[in-house]
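The lines below spell out each chain.
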Amino acid sequence: MTITPIDSLSNQRAALEASSMEMFRERVMMPLEVFWKPFLNRMPQQEGADPALATAQAWGVYSPQDGVEEGLKALDEFERAGVWRACVATIKEAARRLEPAAHGIELGDIQFTLLLGSLRVLRGKYGAYTGAQMPGFAMVLGWPNPVGSPRLPVASAHELNHIVRFTYEPWTAETTVGQYMVAEGLAEAFGVETVGDESLVGPYSTALSPEQLEAVKPRFKAALETTGFDTLRGYIFGDWAAEQFRYPKQNIPDYAGYTVGYEVVKAYLKHTGKSAAEATYIPWREIVEGSRYFE
């Protein structure tokens, strides 16, 4: 497994400096076409709309339409903080730690990029960043934020862990709440482990108070074997995203699945002495059982 960085921030800067949506399309979105094109059939399509620009708008990729001066200032903040260099260094270290080939998993080249995102989509309350991945590609999207910016390297390793984990334990129509929850917990624990600073665990994984955790624990225990994509998203993301992602509300707090999953994985690592990298290759049911979290 090799990591190939794509410097989208420099391309966003060039498009902003030129105030050119055409340059944004050609230099920012088209090099990432292999990543966003498979998602087009899941997005509402406006007749005659350019798919690259429509995807950027829907995903919140910052473009000249979002404001040139403000975007350039944000890019300057990222540059001063060395965010892109830190993300690349972290995801390369993450690849070294995971060693998928040693576990019989051949992944080849993984492309990685960091994009400036828009607060139209990113939630400032949770650090104004997010990530996504598919086989062969990992992406982090962020806006300068005192909470989120230091955690972008964690997010980079988090997304790489997903690529490896979902190759080891693939996502299928039978994927359960338990599998998804553990995958999110593992990815965050691995990201924190890679940067070596537990204080940088993300706000998604610490979204619930101790009282909220105790309140939802029985529901997650009962739902561990539950399947169905909309149900899974409801447990992982909570009710806030129901309208955005078009699934029924289930009276689940925001990002509950991330927080419960992280607590389960932390408990498993504590009880077994394994690292998060090692646990990436452990079946999710074994992790839940070994965590003793639901006892």
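Below you will find a few notes about this structure. (Residues numbered from 1 in each chain as written. Predicted model: local features only at pLDDT ≥ 70, side-chain atom pairs only at ≥ 80, totals over all residues. Heavy atoms only, no water.)

### Points about the overall build of the protein chain
In step 1: Within the protein chain, the regular secondary structure consists of 14 helices and four strands.
In step 2: Viewed in the frame of its principal axes, the protein chain has a C-alpha envelope of about 60 × 40 × 35 Å.
In step 3: Residue burial in the protein chain is summarised as follows: out of 295 residues, 54% are buried.
In step 4: Intrachain contacts of the protein chain at a sequence separation of at least 6 include 73% that bridge at least 24 residues. (Helix = DSSP H or I, 4+ residues; strand = E, 2+ residues; numbered from the N terminus. Buried < 20%, exposed > 50% of the residue type's maximum accessible area, 1.4 Å probe, protein only. Contact = heavy atoms within 4.5 Å.)

### Digging into the packing of aromatic side chains
In step 1: This model, assessed by the stated rule, comprises 23 aromatic pairs.
In step 2: Aromatic pair Phe39 and Trp59: ring centres 5.4 Å apart, planes at 80°, arrangement edge-to-face. Of the two residues, Phe39 is situated in the loop between helix H3 (33–36) and helix H4 (51–59) and Trp59 in helix H4; the sequence distance between them amounts to 20 residues.
In step 3: Between Tyr129 and Tyr204, the ring centres sit 5.6 Å apart and the planes meet at 65°, which makes this aromatic pair edge-to-face. With Tyr129 in strand S3 (residues 129–134) and Tyr204 in the loop between helix H8 (177–195) and helix H9 (210–223), this pair connects stretches of sequence that are 75 residues apart. The burial state of Tyr129 is the same as that of Tyr204; both residues are buried.
In step 4: In textbook terms, an aromatic cluster arises when at least three aromatic residues are bridged by ring pairs, as seen for Tyr126, Tyr129, Tyr204, Phe237, Trp240, Phe245, Tyr247, Tyr255 and Tyr258.
In step 5: Here Arg123 stacks its cationic end above the ring of Trp240, 4.1 Å away from the centre of that ring. (Phe/Tyr/Trp six-rings, centres within 6.5 Å; stacked < 30°, edge-to-face > 60°. Lys NZ or Arg CZ within 6 Å of the ring centre and 35° of its normal.)

### Some details on the pattern of salt bridges
Close approach of charged atoms allows side chains of opposite charge to pair.
In step 1: All chains considered together, the criterion is met by 15 salt bridges.
In step 2: Close ionic contact of Glu33 with Lys37 constitutes a salt bridge, the shortest N to O distance being 3.7 Å.
In step 3: According to the relative accessible area criterion, Glu33 is partly exposed, its value standing at 26%.
In step 4: Across the salt bridge formed by Lys217 and Glu214, the nearest N and O atoms sit 3.5 Å from each other. A residue pair is termed a helical-turn pair when its members lie 3 or 4 positions apart in one helix, as Lys217 and Glu214 do in helix H9 at three residues.
In step 5: Judged by relative accessible area, Lys217 falls into the buried class, the value being 18%. (Salt bridge = Lys/Arg side-chain N within 4 Å of Asp/Glu carboxyl O.)

### Let's talk about unusual backbone geometry
In step 1: Here the phi dihedral of Arg246 falls at roughly 65°; this positive angle occurs in a residue that is not glycine.
In step 2: Relative to the assigned elements, Arg246 resides in the loop between helix H11 (242–245) and helix H12 (256–272).
In step 3: Assessed through its relative accessible area of 63%, Arg246 is described here as exposed.
In step 4: Its identity is not glycine, yet Tyr255 carries a phi of approximately 60°, on the positive side.
In step 5: Residue placement: Tyr255 occurs in the loop between H11 and H12.
In step 6: Judged by relative accessible area, Tyr255 falls into the buried class, the value being 4%.

### Observations regarding the sheet that holds strand S1 (residues 2–6)
Paired through backbone hydrogen bonds, the strands of a sheet run either parallel or antiparallel to each other.
In step 1: Taken in spatial order, the four strands line up as S1-S2-S4-S3 in an open sheet, and their pairing is mixed. Single-partner strands in this sheet number two, and they are S1 and S3. Shown here is a sheet whose adjacent strand axes are inclined to one another by a mean of 20°, direction ignored.
In step 2: Bridge count for S1 against strand S2 (residues 109–116) is five bridges, and the pairing is parallel. Within S2, the position partnered with Ile3 by the bridge is Ile110.
In step 3: Along the sheet face, helix H7 (residues 152–168) touches S1, S2, S3 and strand S4 (137–142) and points at about 25° away from the line of S3. (Pairing = 2+ DSSP bridges. Axes fitted to C-alpha atoms, helices over the stretch in contact; angles between N-to-C directions.)

### As for H7
Structurally, the α-helix is built with 3.6 residues per turn, so residues lying three or four positions apart point the same way.
In step 1: Given a rise of 1.5 Å per residue, 17 residues ought to cover 24 Å, and the 25 Å separating the end C-alpha atoms of H7 matches this to within 8%.
In step 2: Most of H7 sits out of view: 15 of its 17 residues are buried. (Expected span 1.5 Å × (residues − 1).)

### A look at the packing of helix H6 (residues 83–98) against H7
In step 1: Axis separation between H6 and H7 bottoms out at 8 Å; the angle between their running directions is 35°. Considering how the two elements wind past one another, H6 and H7 form a crossing that is right-handed. Contacts between H6 and H7 involve Val83, Ala86, Cys87, Thr90, Ile91, Ala94, Ala95 and Leu98 from the first element and Leu152, Pro153, Ser156, Ala157, Leu160, Asn161 and Val164 from the second.
In step 2: Residues that form the contact of H6 with H7 fall into these classes: 12 nonpolar, three polar and no charged. (Left-handed = near helix turned anticlockwise from the far one by under 90°. Nonpolar A, V, L, I, M, F, W, Y, C, P; charged D, E, K, R; others polar.)

### Some points on the pairing of S2
In step 1: Within S2, six of the eight residues are buried, which leaves it mostly tucked inside the rest of the structure.
In step 2: Looking at chain direction, S2 and S4 are connected through six bridges and run parallel. Each residue of the ladder has a partner; that of Gln111, found in S4, is Phe137.

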